[in-house]
Amino acid sequence: MHEIEMKPSPKVSIEFDGQTLQANEGETVAAALLRQTHLAFRTTPVTGKSRGPFCMMGVCFDCLVEIDGAPNKQACMTYVEDGMRVKRQLGAGDTGVFLSDEEDTQ
Amino acid sequence: MKDHYDIAIIGTGPAGMAAATVASAHGADVLIVDEQPEVGGQIYRGITHQSIKDKTILGDDYYKGQSLADAFAASNADHVSGATVWQVSPEREIGISKDGAAHLLTADQVIIATGAQERPFPIPGWTLPGVMTAGSAQILLKSSGITFSNAVFAGTGPLLYLIAYQYLKAGVPIRAILDTTPKSNRLKALPHLPGALYHLSSIMKGRKWIKALKSSGTLFIEGIDNLKITGKDSTEAIEYLLQNKWHRIEASNVFLHQGVVPNVNLAMASGCIHHWNEQKLCWHASTDEWGSSNVPGISIAGDGGGIGGAIAAEYQGRITAYQALYTTNKVKKQERDINVLPTQHALTHEMRIRPFLDVMFRPATQFRIPTDDATIVCRCEEVTAGKIRESISLGCAGPNQLKGFTRCGMGPCQGRFCSLSVSELIAKAQNVSVNELEQLRLRPPVKPLMLAELANLTILASEDT
Amino acid sequence: MSPAYDAIVVGGGLVGSALAFGLQREGLSTLILDEGDLAFRATRGNFGLVWVQSKGIDYSPYAHWTWESAETWASLSNLISEITGIDVGYRRPGGAEICIDDKEFAAKRQKMEKLQSHSPHVKFEMLDQKSMAELLPGLSPDVAGGCYFSGDGHANPLNLLRGLHQSFKSMGGVINSDAPVNDIVSQGSSFTAKTKKGQFHGARIILAAGLGTQNLANKVGMDIPVHPDRGQILVTERLKPFLTIPLSKIRQTIEGSVQIGDSHEDAGLDVGMSTPILNKMAIRAVQMFPHLGNTRIVRAWSALRIMTPDGYPIYEQSEQHPGAFAAVCHSGVTLAAAHALQVPKYIKEGTLPTSLAPLRTNRFKKEMAHA
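Procedures and definitions
- Residues numbered from 1 in each chain as written.
- Chains lettered and ligands numbered in written order.
- Predicted model: local features only at pLDDT ≥ 70, side-chain atom pairs only at ≥ 80, totals over all residues.
- Heavy atoms only, no water.
- Buried < 20%, exposed > 50% of the residue type's maximum accessible area, 1.4 Å probe, protein only.
- Helix = DSSP H or I, 4+ residues; strand = E, 2+ residues; numbered from the N terminus.
- Pairing = 2+ DSSP bridges.
- Phe/Tyr/Trp six-rings, centres within 6.5 Å; stacked < 30°, edge-to-face > 60°.
- Salt bridge = Lys/Arg side-chain N within 4 Å of Asp/Glu carboxyl O.
- Contact = heavy atoms within 4.5 Å.
- Buried area = accessible area lost by both parts, 1.4 Å probe.
- Polar contact = N/O pair within 3.5 Å; in protein donor to acceptor, adjacent residues only side chain to side chain.
- Nonpolar A, V, L, I, M, F, W, Y, C, P; charged D, E, K, R; others polar.
- Disulfide = S-S within 2.5 Å.
- Core = buried A, V, L, I, M, F, W, Y, C linked by side-chain atoms within 4.5 Å.
- Axes fitted to C-alpha atoms, helices over the stretch in contact; angles between N-to-C directions.
- Parallel < 35°, antiparallel > 145°, perpendicular 65-115°, else oblique.
- Left-handed = near helix turned anticlockwise from the far one by under 90°.

Participant: What is the right way to look at the pairing of strand β16 (residues 257-260) of chain C in this model?
Facilitator: Sheet faces and side chains relate simply in a regular strand, where the side chains alternate between the two faces. Residues and elements named next belong to chain C. Burial along β16 is two-sided: Ser257 and Gln259 facing one way and Val258 and Ile260 facing the other are all buried. In this structure, strand β14 (residues 227-238) lies alongside β16, joined through three bridges in antiparallel fashion. In the strand pairing of β16, Val235 is matched with Gln259. Across three bridges, the pairing between strand β15 (residues 250-252) and β16 is antiparallel. Counted as the bridge partner of Gln252 is Val258 from β16. Linkage of β15 to β16, two consecutive antiparallel strands, is achieved through a turn of four residues, within which Gly256 is found at a positive phi near 110°.

Below is the structure:
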């Protein structure tokens, strides 16, 4: 990570998978995570492979994370807020209603 | 947001900003919407409060956006930011979603200025964490001052050299630049050079970037014939084929780029006819000299209709705005013509460099149509080139059938990163031009919309049955 | 002259492919002539239900026909799997229909009792909210309950179509896609189907061309009234599995996405979308499953159902030109087993059985005579 000289910016703190980290006010969640060299944000629902941001402009939908309990949020299109809880999204989105493993009869 | 506007503009890049400034200056009731919280689109991203202290890093062209943004800020267009447009119906009913609520409104005229996106770059390993587009590198730099040391830049096209040059100016070490520009392109581009010479300064600028990169000691390899990225759960290395021999470079970050293509999904879903441009290998909106599409009241400006760059986008924004003003009786024909004619001339001039750039940086077939069957083509649904080829041989005649058979194009990106590859794959397998195939059928929502938002939508009185 | 086929099936959608599958399996050399990529392909809009509980409430022959198909669906699924390895996603966990309020609940009970009176195999259960919620996690506490029937199920219509096509080809069947039929000529004991790609000759011709059937049927002495009925579907992003039982209006696919559907409109041939309808569908979906409010619609589409005047299928053999058949219906998935395993026998023998007589077109004339 190479730091470029920037005008100072207020900081906020967010959580990623339980770990607290500093972010610049006004930046995207994706940028904040990449700044800490987190390159992978999720695993795919189809094969469970690791994915991270690709286009950074909201068209590839690879940077999906869970934010404050809501799934399938594009990290590159969501702006950091103090106290935000971000989690890696593992597989398909989770709305809080899902079958436990024993119940899954599909 | 009101229920109705004279003119609605989708996108706050150069085309949108220019259109909104002109339209509101002539008394039209203007709405302009963008997903981003700040204006600038991608090319001028971050322009309203750029925090990078050293202005030479991003370069003069970038800061041109400042005056455009200032003029826009001074206008009285109704600017709705951080809002997603999920539909523009052929009757100009616009669906907008902001802060968890969806709204419907109508406009007499709609200008679609959705800009460009990166061309897909389907090579083995392109879905690994750590692989991003050159555009991403630019966005991270412009918006957050973030860079990655010792990244590999791979591909072709002016934007690739630009970002690498910006890295150089910023003092960020670059591991390598792997240039995939086919050597044969140079000869083919020669007949277009006279046109390009009208923009000698741009050509010289590009050469300056490349020269600076080469003389900086950065590893700059040209004539790359093939690429693959490897790694278990993250990028570990990139391999390149040069003169029939494979080489390997270790890297955790790779930036890919092989040109930009119009972001056509909204316009296509609105019913605007598009045609395949074989020279540019992408879809172009079929518009007249005023930017008007076949759908009454809907016009397209900027890179979203066909790539021309930031300045051309600004001109097209002005032209479509004047035409919209004229059509809604806000300006008379004479006033429109006085303003538009010189802009059309300037636009023609601005576009003179395009044929040269199109041919010079035309990506080679193996980077658009993967040879390795295991390569993922549809990122969202993880559909490989092999699976697509198999489905074609089983009788899939076009991209819509293919979607039904393989789920290719069913994911949230709605074909933005796969439909170009898919169309070319099918065309090649059937030995026809892409123009002879049916196009991928696109419908709203062109961006995802929450079910609760759709449920809480207020239906406009005019259409409630 | 092109080689003669024992049977030509016009239409490669769910109905045509199932019939062709069965015909080829019966030993008849069969050709499918299909229109191509952007046809008004009803299959693509199919919800995928293998549904019994709402069929033929007012017409017992249809209820019985549906039951025969539902009971043999597993055989079809197994056959396709054996021949091609394709899993068409068939599951039979039962199906439910939610009633939002007591009025809906009473109306549904009444309908189901009527159905059971002539179709005793439909052993339905009217469940209150609490019992229904045990079957359907996430069900809103505010709904009245609904109807559950263990004989309902679902499958993936696109996988089914693919499975039928591939099995058909594996058995030696021929598919000519991108070949819309523009004329049919009868020559005594055979038929010629004319397309821009050439002419094809068959001893029998079976019209299963959805909305295009009427036009072709006229050429061989049949009158097959069909009209389009538009259905719109919303699809969410993939979610972790929570719904194992399909509902008439909502089902969760194996991939995890939730499909919301079952609207009906007369919109002519327009396959555009209608925001008021989508809004109503979204309202109802969130009424049933509030947590779905937080999921995102990633795509929506509409397709045109093949509707006959009374909504029941049509099976017809031309009296003027025996050997020419027509088959149309809007429930191509539910009836796929009957189409694949039963109807081809009748086509081969050359006679539709008396049990299918109530599904011939003369029922419309009877109605007109009574009117």
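Moving on, there is more to tell.
Participant: Would you explain the packing of aromatic side chains in this entry?
Facilitator: The relative placement of two aromatic rings is captured by the distance of their centres and the angle of their planes. The full count for this structure, using the stated rule, is 18 aromatic pairs over all chains. Centre to centre, the rings of Phe148 of chain B and Phe255 of chain B are 6.4 Å apart; their planes meet at 55°, and the pair counts as tilted. Taken together, the positions of Phe148 of chain B in the loop between β9 (146-147) and β10 (151-156) and Phe255 of chain B in strand β16 (residues 254-258) put the pair 107 residues apart, joining distant regions of the chain. You'll find Phe148 of chain B and Phe255 of chain B in the same group, each marked buried. Between the aromatic rings of Phe242 of chain C and Phe289 of chain C, the centroid separation amounts to 6.1 Å while the plane-to-plane angle is 70°, which identifies the pairing as edge-to-face. Taken together, the residues span a long stretch of sequence, with Phe242 of chain C in the loop between β14 and β15 and Phe289 of chain C in the loop between α8 (275-288) and β17 (296-307) at a distance of 47 residues. Overall, the relative accessible area of 0% leaves Phe242 of chain C in the buried class. Counting every residue linked through ring pairs, the aromatic cluster contains Phe148, Phe153, Tyr167 and Phe255 of chain B.

Participant: Just to check I follow, could you spell out the pattern of salt bridges for this structure?
Facilitator: It is possible for side chains of opposite charge to pair when their charged atoms get near one another. Summed over the entire model, instances satisfying the criterion amount to 39 salt bridges over all chains. Ionic pairing is found between Lys2 of chain B and Asp29 of chain B, a salt bridge with its closest N-O pair at 2.9 Å. Separated by 27 residues along the polypeptide, Lys2 of chain B in the segment before β1 (4-10) and Asp29 of chain B in the loop between α1 (14-25) and β2 (30-33) bring together distant segments of the chain. Overall, Lys2 of chain B belongs to the partly exposed group, its relative accessible area being 40%. Across the salt bridge formed by Lys114 of chain C and Asp58 of chain C, the nearest N and O atoms sit 2.6 Å from each other. On the criterion of sequence distance, the pair formed by Lys114 of chain C in helix α4 (residues 102-118) and Asp58 of chain C in the loop between β4 (49-50) and α3 (60-84) is long-range, its members being 56 residues apart. Through salt bridges with shared partners, a single ionic network connects Arg42, Arg51 and Asp62 of chain A together with Arg379 of chain B.

Participant: Please explain the interface of chain B and chain C as it appears in this structure.
Facilitator: You'll often see interface size given as the accessible area lost when the parts meet. Every contact between the two is made by 36 residues of chain B and, on the other side, 39 residues of chain C. Buried area between chain B and chain C, both sides added, is near 3,200 Å², and the carbon and sulfur share of it is 58%. The interface formed by chain B and chain C contains two salt bridges. The salt bridge involving Glu255 of chain C is made with Arg407 of chain B; its shortest N-O contact spans 3.5 Å. Counting across the interface, chain B meets chain C through nine residue pairs in polar contact (both at pLDDT 80 or more). Mapped by element, the contributors of at least two residues to the side of chain B that touches chain C are β4 (83-88), α15 (385-393), α16 (399-406), β23 (449-450) and α18 (451-455) of chain B. Considering every element that reaches the side of chain B that touches chain C, the biggest residue donor is α16 of chain B, with five residues. Split by residue class, the side of chain B that touches chain C holds 18 nonpolar, nine polar and nine charged. Pairing between β23 of chain B and β17 of chain C: two bridges, direction antiparallel.

Participant: It is not clear to me how the interface of chain A and chain B should be interpreted in this structure. Could you clarify?
Facilitator: With 34 residues of chain A in contact, the opposing surface of chain B contributes 50 residues. The contact between chain A and chain B buries some 3,600 Å² in all, and 62% of this surface belongs to carbon and sulfur atoms. Linking chain A with chain B are two salt bridges. Across the pair Asp62 of chain A and Arg379 of chain B runs a salt bridge whose closest N-O atoms are separated by 2.6 Å.

Participant: Is there a simple way to explain the state of the cysteines in this structure?
Facilitator: Think of a disulfide as a covalent bridge from one cysteine sulfur atom to another cysteine sulfur atom. Residue and element names in this part refer to chain A. Applying the stated rule across the entire model yields zero disulfides over all chains. The cysteine Cys55 is free of any disulfide, with Cys60 supplying the nearest cysteine sulfur at 3.7 Å. The exposure class of Cys55 is buried, given its relative accessible area of 2%.

Participant: I keep staring at the nonpolar core and nothing clicks. Help me out?
Facilitator: Most often, soluble globular proteins have nonpolar side chains that are buried together. Formed by 182 residues in total, the largest nonpolar core has its most connected members in Leu178 and Leu227 of chain B. A total of eight residues in this core trace back to one element, the largest contributor, which is helix α11 (residues 310-327) of chain B. The residues touching Leu227 of chain B, leaving out its near neighbours within four places in the chain, are Phe121, Ile123, Pro124, Ala154, Leu178, Thr180, Ile238, Glu239, Tyr240, Trp246 and Phe367 of chain B. Of all hydrophobic cores here, the second largest spans 38 residues; its members include Leu451 of chain B together with Tyr148, Leu234 and Val258 of chain C.

Participant: Even after reading the chapter, I still don't get the side chain of Ser270 of chain B, so can you show me in this structure?
Facilitator: All names here are of chain B. Relative to the helices and strands, Ser270 is located in the loop between α10 (265-269) and β18 (274-277). Residue class for Ser270 comes out buried when judged on its relative accessible area of 1%. For Ser270, the side chain forms a polar contact with the main-chain oxygen of Val88, separated by 2.8 Å.

Participant: Help me understand the packing of α11 of chain B against helix α12 (residues 333-350) of chain B, please; the structure alone is not making it clear to me.
Facilitator: Residue and element names in this part refer to chain B. Contact geometry of α11 with α12 gives a least axis separation of 9 Å together with a crossing angle of 160°. Taken together, α11 and α12 sit at an angle that is classed as roughly antiparallel. In this structure, α11 crosses over α12, and the sense of that crossing is left-handed. Across the interface between the two elements, Ile311, Ala312, Tyr315, Gln316, Arg318, Ile319, Tyr322, Gln323 and Tyr326 of α11 pack against Lys333, Arg336, Asn339, Val340, Thr343, Gln344, Ala346, Leu347 and Glu350 of α12. When its residues are assigned to classes, the contact of α11 with α12 shows nine nonpolar, five polar and four charged.

Participant: Any chance you could explain the environment of Asn265 of chain B here in plain terms?
Facilitator: Residue and element names in this part refer to chain B. Considering the arrangement of structural elements, one finds Asn265 in helix α10. Note: C-alpha distance between Asn265 and Cys408 (143 residues apart in sequence) is 16 Å. When sequence neighbours within four positions are dropped, the list of residues in contact with Asn265 reads Cys413, Gln414, Arg416, Leu442 and Val446.

Participant: Could you clarify how one ought to interpret the sheet that holds strand β10 (residues 181-187) of chain C in this entry?
Facilitator: The pairing of strands in a sheet comes from backbone hydrogen bonds and takes either a parallel or an antiparallel form. Residue and element names in this part refer to chain C. With respect to topology, four strands assemble into an open sheet ordered β1-β12-β11-β10, the strand pairing being mixed. Single-partner strands in this sheet number two, and they are β1 (4-5) and β10. Sheet analysis places β10 next to strand β11 (residues 190-195), joined by six bridges and oriented antiparallel. Bridge pairing in β11 links Ile184 to Ala193.

Participant: Help me understand the packing of α15 of chain B against helix α17 (residues 419-430) of chain B, please; the structure alone is not making it clear to me.
Facilitator: Relative orientation and spacing of two packed helices are given, respectively, by the angle between their axes and the distance between those axes. All names here are of chain B. Axis separation between α15 and α17 bottoms out at 10 Å; the angle between their running directions is 45°. Relative to α17, the element α15 lies oblique. Between α15 and α17 lies a crossing of right-handed hand. In this structure, α15 uses Ile388, Arg389 and Ile392 to contact α17, whose residues at the interface are Val422, Leu425, Ile426 and Ala429. Tallied by class, the residues present in the contact of α15 with α17 amount to six nonpolar, no polar and one charged.

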